[in-house]
Amino acid sequence: VAACSEIVGAMRLLCVGLVCLDVVFECRHFPAEDEDMYAESCQHFRGGNAANSLCIFADVAAGLKSGLQCEFFGTLAADMSASFLRKNLESHGVACSNCPVHANAGTPTSFVIRNSFNGSRTIVHHSNLPELTVGDFETLDLTRYDWIHFEARNIDAVKAMLQHVAIFNSSSSKALDGKQAPPIRTSVELEKPRNGTSIALIECADLIFLSKDFAREYKMDSAEAAARHFHGLARTGAVVICPWGDKGADAVDESSNHMHVDAVRPDKVVDTLGAGDTFNACVIHSLMSGRSLRDALQFACRMAGAKCGQLGMDGLGAVAAQAVGLT
């Protein structure tokens, strides 16, 4: 079991977003309406982009012995599912002690029917858990964090949180060995258009991750087109990254230079769930470790490919160590 106690002086990533319970039923076929059928298996998994990215980040940090630490910040329920998720996060070395707890709500849950005949996945999601508020975020001691990553969920609140970080950076008293510490870097993942509201976050972060689905909603037909277009909407000095599955990933850096990195395909695609979370986690880990943007993209594409070649998200730390020649 990984430890999640804080090491003084270690760089720390905070991810703000969702953790949920995924209940996955493996079925021989999709059930017809009113059909009574048995599933071939039923498994419970941790879900949520922020939570998944953090567990991968922590595993990679352990595998590479980078010393980077991480923390999840999002609302939790007080039920048995939340206890399972909290223990799962902590077992990967992800701290979550600052999360607000809502006793009168349930853990967000996704019921997934996976059709073993054709590989389709049908998802029914339920949640009555309140979203994180700006007030919740303002209770955090920001001097503890070096990078804060946001899921684009409750857009108005996330925008206000990013503005809160910007104000902190502009008047920061955070010191390191008696010297002014670098400002907190921020990133945001734009996975879904959310009725056009999430685009407002592009001008608020240092680094923007665009999903292929998000880009296509705005009529972009390639990662390069998306990265170039949305970089024009970002603030000066921002970086925009757009992974595009087996086409690799494109980025436009802080100096408006475009770059492309090819995908690294596994011998056999086994499970693509979590590939995007892997990509994001590995980009942030690389950049926090002082690597170049191109190096970060190459490492992230390699790790996302490795994720697609295995079932589940565990064990990626060992893959990362092998990728950089530590084993």
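Use the structure listed above.
Criteria and thresholds
- Residues numbered from 1 in each chain as written.
- Predicted model: local features only at pLDDT ≥ 70, side-chain atom pairs only at ≥ 80, totals over all residues.
- Heavy atoms only, no water.
- Helix = DSSP H or I, 4+ residues; strand = E, 2+ residues; numbered from the N terminus.
- Patch = residues over 30% accessible without salt bridge, like charges linked within 9 Å, V, L, I, M, F, W, Y side chains within 5 Å.
- Areas by Shrake-Rupley, 256 points an atom, 1.4 Å probe, with all protein chains shown as cover.
- Salt bridge = Lys/Arg side-chain N within 4 Å of Asp/Glu carboxyl O.
- Lys, Arg positive; Asp, Glu negative; His and termini not counted.
- Charge placed at Lys NZ, Arg CZ, Asp CG, Glu CD.
- Buried < 20%, exposed > 50% of the residue type's maximum accessible area, 1.4 Å probe, protein only.
- Pairing = 2+ DSSP bridges.
- Axes fitted to C-alpha atoms, helices over the stretch in contact; angles between N-to-C directions.
- Core = buried A, V, L, I, M, F, W, Y, C linked by side-chain atoms within 4.5 Å.
- Polar contact = N/O pair within 3.5 Å; in protein donor to acceptor, adjacent residues only side chain to side chain.
- Arc of directions from axis to C-beta.
- Contact = heavy atoms within 4.5 Å.

(A) Representation of unusual backbone geometry within the structure. A positive phi angle, close to 55°, is found at K65, a residue other than glycine. Residue position: K65 is located in the loop between helix 1 (49–64) and strand 4 (69–73). Look at K219: it is not a glycine, yet its phi comes out positive at around 65°. Turning to its location among the elements, K219 is positioned in the loop between helix 5 (212–217) and helix 6 (223–231).

(B) Representation of a negative patch on the surface within the structure. Together, E33, D34, E35 and D36 line one region of the surface with negative charge. The topology assignment puts E35 in the loop between strand 2 (20–27) and strand 3 (41–47). Residue class for E35 comes out partly exposed when judged on its relative accessible area of 36%.

(C) Inspection of the pattern of salt bridges at higher detail. This model, assessed by the stated rule, comprises 9 salt bridges. A salt bridge links E131 to R153; the shortest N-O distance between them is 3.0 Å. Taken together, the residues span a long stretch of sequence, with E131 in the loop between strand 9 (121–126) and helix 3 (134–138) and R153 in the loop between strand 10 (147–151) and helix 4 (155–170) at a distance of 22 residues. Residue E131 is classed as partly exposed on the basis of its relative accessible area of 36%. Salt-bridge contacts for R235 lead to D206; the nearest nitrogen and oxygen are separated by 2.6 Å. Note that R235 is positioned in the loop between helix 6 and strand 15 (239–243) and D206 in the loop between strand 13 (185–190) and strand 14 (207–210), a separation of 29 residues in sequence. A single network of salt bridges, built from pairs that share partners, joins R12, E71 and R144.

(D) Representation of the sheet that holds strand 2. Spatial ordering of the open sheet is given by 3-2-8-9, a layout of 4 strands whose pairing is mixed. Across the chains shown, the open sheet's two edge strands, defined by having one partner strand only, are strand 3 and strand 9. The sheet shows a mean angle of 20° between the axes of neighbouring strands, taken without regard to direction. Direction of pairing for strand 8 (residues 109–115) relative to strand 9: antiparallel, over a ladder of 6 bridges. Considered in strand 9, the bridge of R114 is made with R121.

(E) Spotlight on the nonpolar core. Ranked by size, the top nonpolar core spans 50 residues in total, and within it L13, F72, I241, F279, V283 and L297 carry the most contacts. It is helix 1 that contributes the most residues to this core, 10 residues altogether. Counting residues in each nonpolar core, the second largest holds 40 residues, with L162, V165, V188 and L210 among its members.

(F) Spatial organisation of the side chain of N52. Along the chain, N52 turns up in helix 1. Of the polar contacts made by the side chain of N52, one reaches the side chain of R46; its length is 2.9 Å.

(G) Region of the structure containing helix 9 (residues 316–323). All of the buried residues along helix 9 are L316, G317, A320, A321 and A323. The arc that holds the buried residues of helix 9, viewed along the axis, is 160°, so those residues lie on one side. Summarising the geometry of helix 9, the exposed residues directed more than 90 degrees from the buried face are A318 and Q322. Against helix 1, helix 7 (275–288) and helix 8 (293–308) lie the buried residues of helix 9. G325 lies just past helix 9 and shows a positive phi near 80°.

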